[in-house]
Amino acid sequence: MIQLALYQPDIPPNTGTIIRMAACLGVTVHIIEPCGFPFGEKSFRRAGMDYLDQSLVVRHRSWEDFLEAKPDSSRLLLLTTAGATPYTDCSFETDDILLLGRESAGVPEDIHTLADQRLLIPMTPDTRSLNVAVSAAMVLGEALRQTNQFPKIPTG
């Protein structure tokens, strides 16, 4: 299943929004610490609302802990404004992990080099970046569409 990973998130409402979205879509969220806020339910509660109990959140104390837990078969796809490939040109695979950097600083260069692909969202020339939760939603939606992993709608 496609997964999301948040590298040292800075803003609790963005993290809560991503957790809520992931809960609705059945997607695991990895949170790689340290966070720019106290990790916990209180930080996520406002934006995550009552979806926290339905969410699949895995907490990693460090980047190294995340790498140790990441399956070897999972590709790491970094969403970055410094990306080389538009996400719309990516052929997603079922066990990809979409990595999002800190709102304030992205990810360090050494993590850029570890990514299997660096994806960007095409934008108009005079704009800098999208909100991290919006970016996550756009790319996750395309990845789920391509891999046919959207939750099934009950019929009947």
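What you are looking at is a predicted structure, and each value in this text was computed from that prediction instead of being measured.

What follows concerns the UniProt feature "binding site: S-adenosyl-L-methionine" (unreviewed entry) in the protein. This chain's UniProt record puts "binding site: S-adenosyl-L-methionine" (unreviewed entry) on Leu79, Gly101, Ile121 and Ser129. In summary, the annotated positions, though distributed over 51 residues, converge in three dimensions, the widest C-alpha pair being only 14.1 Å. Annotated residues from the preceding list that form part of the lining of the largest cavity: these are Gly101. Here Ile121 lies in the loop between strand 7 (117–120) and helix 5 (132–146). In this view, Ile121 contacts Tyr87, Leu130, Ser135, Met138 and Val139; residues no more than four positions away in its chain are not counted. Tracing the backbone through its elements, the reader meets Ser129 in the loop between strand 7 and helix 5. Residue class for Ser129 comes out partly exposed when judged on its relative accessible area of 42%. If we skip the residues at most four places from it in the chain, Ser129 touches Thr81 and Met123.

On to helix 1 (residues 12–25). For helix 1, which comprises 14 residues, the first-to-last C-alpha distance of 20 Å matches the rise-based estimate of 20 Å (1.5 Å per residue) to within 8%. Residues of helix 1 that are buried: Asn14, Thr15, Gly16, Ile18, Ile19, Met21, Ala22, Ala23 and Leu25. Downstream of helix 1 by a residue or two, Gly26 has a phi angle that is positive, lying close to 70°.

What counts and what doesn't
- Numbers given for residues are sequential positions, taken from 1 along each chain in its written order.
- Per-residue local features of the predicted model are confined to residues with pLDDT of at least 70, and side-chain atom pairs are confined, for both listing and counting, to 80 or more; whole-chain, interface and lining totals are unaffected and use all residues.
- As a rule here, side-chain values cover all heavy atoms of the structure and leave hydrogens and water aside.
- UniProt positions are given in the numbering used here, feature names are shortened, and annotations may be inferred rather than shown by experiment.
- Every definition here rests on a 1 Å grid over the protein atoms only: cavities are sets of points where a 1.4 Å probe fits but cannot get out, pockets are open sets enclosed by protein on both sides within 12 Å along at least five of seven lines, and lining residues have some atom within 4 Å of a point.
- Secondary structure elements are taken from DSSP: a helix is a run of H or I of four residues or more, a strand is a run of E of two residues or more, and numbering for both begins at the N terminus.
- Note on contacts: a residue pair qualifies if any of its non-hydrogen atoms lie within 4.5 Å across the two residues.
- Relative accessibility under 20% of the residue-type maximum defines a buried residue, over 50% an exposed one, and the middle range a partly exposed one, all with a 1.4 Å probe and only protein chains included.
- Working rule for helices: expected span equals 1.5 Å times residues minus one.

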